[in-house]
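Survey of secondary and tertiary structure
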Amino acid sequence: MKKKSILFIFAHPDDETFACGISISKYSETKMASTHLLCATKGQAGKAGEPPLCTPEELPRFREQELRDACAILGFDQVDVWEYQDKLLNTVPVDELVTRIHQAIHQIQPEIVVTFAPHGISGHPDHLAISHATTQAVLSLGPETSVRKLYYATRSSDEGFGTMKPPFTDPIESITTIIHAPEYMPKVADALRAHKTQHLSVERVFPGVTKGEHDSVPPNNHYILAWHCLPKYTLQGKEADFFDGLV
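The paragraphs below set out a description of the structure included in this document.

1. Description of the sheet that holds strand 6 (residues 177-180)
The seven strands are arranged 3-2-1-4-5-7-6 in an open sheet whose pairing can be described as mixed. Bordering the open sheet on either side are strand 3 (78-84) and strand 6, each of which pairs with just one other strand. Here the average twist between neighbouring strands, direction ignored, is 25°. Two strands pair when backbone bridges link them, and strand 4 (residues 112-116) and strand 5 (residues 149-154) are joined in this way by five bridges, in the parallel orientation. Pairing of Thr115 across the sheet is with Tyr152, part of strand 5. Lying on the sheet, helix 1 (residues 15-29) is in contact with strand 1 (5-10), strand 2 (34-41), strand 4, strand 5, strand 6 and strand 7 (220-228); it crosses strand 7 at an angle near 90°. Against the sheet, helix 2 (residues 59-74) contacts strand 2 and strand 3, and its axis sits at roughly 160° relative to strand 3.

Structural data, given as structure tokens:
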């Protein structure tokens, strides 16, 4: 019997841990599903730390390695990093991104696909671009596809993001799915610390994490079920599992 699988599709190194760290840890650690990541850029337009841990020319290599280190902590089965330019993902033809996402889906055969909500949480143009392309890719799949659900990663406006309220959230009434697993807060903190060049962002959103703490890491991740192809499935309250409704 084929093992269940989840494909996470994001724009930058650290998106995966900030938005979905608890969920990734839970599914990976419990072996409930294999987990796969597509990261569209190497985050080369980001900061190199303060003081800098590398030169601007070295930053793409550093951030890719940080991503792979973080993903090893979270337990990803597979990580693919594309070569698109950070902050320019919205200039890439959508059809090109859709084609590449289709290829990944064909290879991985996931039942679940996860990406940013259309607002991107932070509003970053790359977040919006990868959300749009992923949505178009899933909606244009044929009937033979393995994909059964598409989820948008977001945050409830009631709870915020770490100790901050991000620029864009969704009302709790719109949240369909809450993956709650506080036992993985220390692991997520470890993964956040792996993104060493991004320590300023990590500390701003999750105070204390860079000092070895984990209390500011939220114990849950929030999602909106954006699409599914389960004819008999009806939401009953908040989902606690991506695979609710799948046989």
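The rest of the description comes next.
2. Let's talk about the state of the cysteines
With the rule as written, the count across this model stands at zero disulfides. Sulfur of Cys71: no disulfide; nearest cysteine sulfur belongs to Cys39 and is 8.0 Å away. Residue class for Cys71 comes out buried when judged on its relative accessible area of 1%.

3. A word on the side chain of Ser5
Tracing the chain through its elements places Ser5 in strand 1. One polar contact links the side chain of Ser5 to the main-chain carbonyl oxygen of Gln109, over a distance of 3.3 Å. Non-local contacts of Ser5, meaning those with residues more than four positions away in its chain, are made with Ala33, Ser34, His36, Ile108, Gln109, Pro110, Glu111, Ile112 and Phe243.

4. A short note on the pattern of salt bridges
On inspection of all chains with the given rule, the structure shows nine salt bridges. Where Lys149 meets Glu239, a salt bridge forms, and the shortest distance between an N and an O atom there is 2.8 Å. A residue pair is termed long-range when its members are at least 10 positions apart, and Lys149 in strand 5 and Glu239 in the segment after strand 7 qualify at 90 residues. The same class applies to Lys149 as to Glu239, namely buried. Residues joined by salt bridges that share partners form a network here, namely Lys42, Glu64, Arg68 and Glu83.

5. Overview of the packing of helix 1 against helix 2
The packing of two helices is summarised by the inter-axis angle and the distance between the axes. Across the interface, helix 1 lies against helix 2 with an axial gap of 9 Å and an inter-helix angle of 35°. In this structure, helix 1 contributes Glu16, Thr17, Gly21, Ile24, Ser25 and Ser28 to the contact, and helix 2 contributes Leu67, Ala70, Cys71 and Leu74. Split by residue class, the contact of helix 1 with helix 2 holds five nonpolar, four polar and one charged.

6. Comments concerning the packing of aromatic side chains
Here the structure, examined in full by the defined rule, presents nine aromatic pairs. With centroids separated by 6.3 Å and ring planes inclined at 75°, the aromatic side chains of Tyr151 and Tyr223 adopt a geometry described as edge-to-face. Residue Tyr151 is located in strand 5, and its partner Tyr223 is located in strand 7; the two are separated by 72 residues in the primary sequence. Across this residue pair, the class does not change: Tyr151 and Tyr223 are buried. Both rings, one in Tyr223 and one in Phe242, keep their centres 4.9 Å apart while their planes meet at 75°; by these two values the pair is edge-to-face. Of this pair, Tyr223 sits in strand 7 while Phe242 sits in the segment after strand 7, and the two are 19 residues apart along the sequence. Judged by relative accessible area, Tyr223 falls into the buried class, the value being 0%. Of the aromatic side chains, those joined through ring pairs into one cluster are Tyr27, Tyr151, Tyr223, Phe242 and Phe243.

7. Looking at helix 3 (residues 94-108)
Taking 1.5 Å per residue, 15 residues should reach 21 Å; helix 3 reaches 21 Å between its end C-alpha atoms and fits that length. Where helix 3 is concerned, the buried positions are Leu97, Val98, Ile101, Ala104, Ile105 and Ile108. Projected onto a plane normal to the axis of helix 3, the buried residues spread over an arc of 125° and lie on a single side. With respect to the buried face of helix 3, the exposed residues turned more than 90 degrees away are Asp95, Gln103, His106 and Gln107.

8. As for the environment of Trp82
Mapped onto the secondary structure, Trp82 falls in strand 3. Accessibility expressed as a relative area gives 8% for Trp82, which makes it buried. Separated by 43 residues in sequence, Trp82 and Cys39 place their C-alpha atoms 6.1 Å apart. In this structure, Trp82 is in contact with Leu38, Cys39, Ala40, Thr41, Lys42, Leu97, Arg100 and Ile101, ignoring residues within four places of it in sequence.

Quick notes on the rules
- Residues numbered from 1 in each chain as written.
- Predicted model: local features only at pLDDT ≥ 70, side-chain atom pairs only at ≥ 80, totals over all residues.
- Heavy atoms only, no water.
- Pairing = 2+ DSSP bridges.
- Helix = DSSP H or I, 4+ residues; strand = E, 2+ residues; numbered from the N terminus.
- Axes fitted to C-alpha atoms, helices over the stretch in contact; angles between N-to-C directions.
- Contact = heavy atoms within 4.5 Å.
- Disulfide = S-S within 2.5 Å.
- Buried < 20%, exposed > 50% of the residue type's maximum accessible area, 1.4 Å probe, protein only.
- Polar contact = N/O pair within 3.5 Å; in protein donor to acceptor, adjacent residues only side chain to side chain.
- Salt bridge = Lys/Arg side-chain N within 4 Å of Asp/Glu carboxyl O.
- Nonpolar A, V, L, I, M, F, W, Y, C, P; charged D, E, K, R; others polar.
- Phe/Tyr/Trp six-rings, centres within 6.5 Å; stacked < 30°, edge-to-face > 60°.
- Expected span 1.5 Å × (residues − 1).
- Arc of directions from axis to C-beta.

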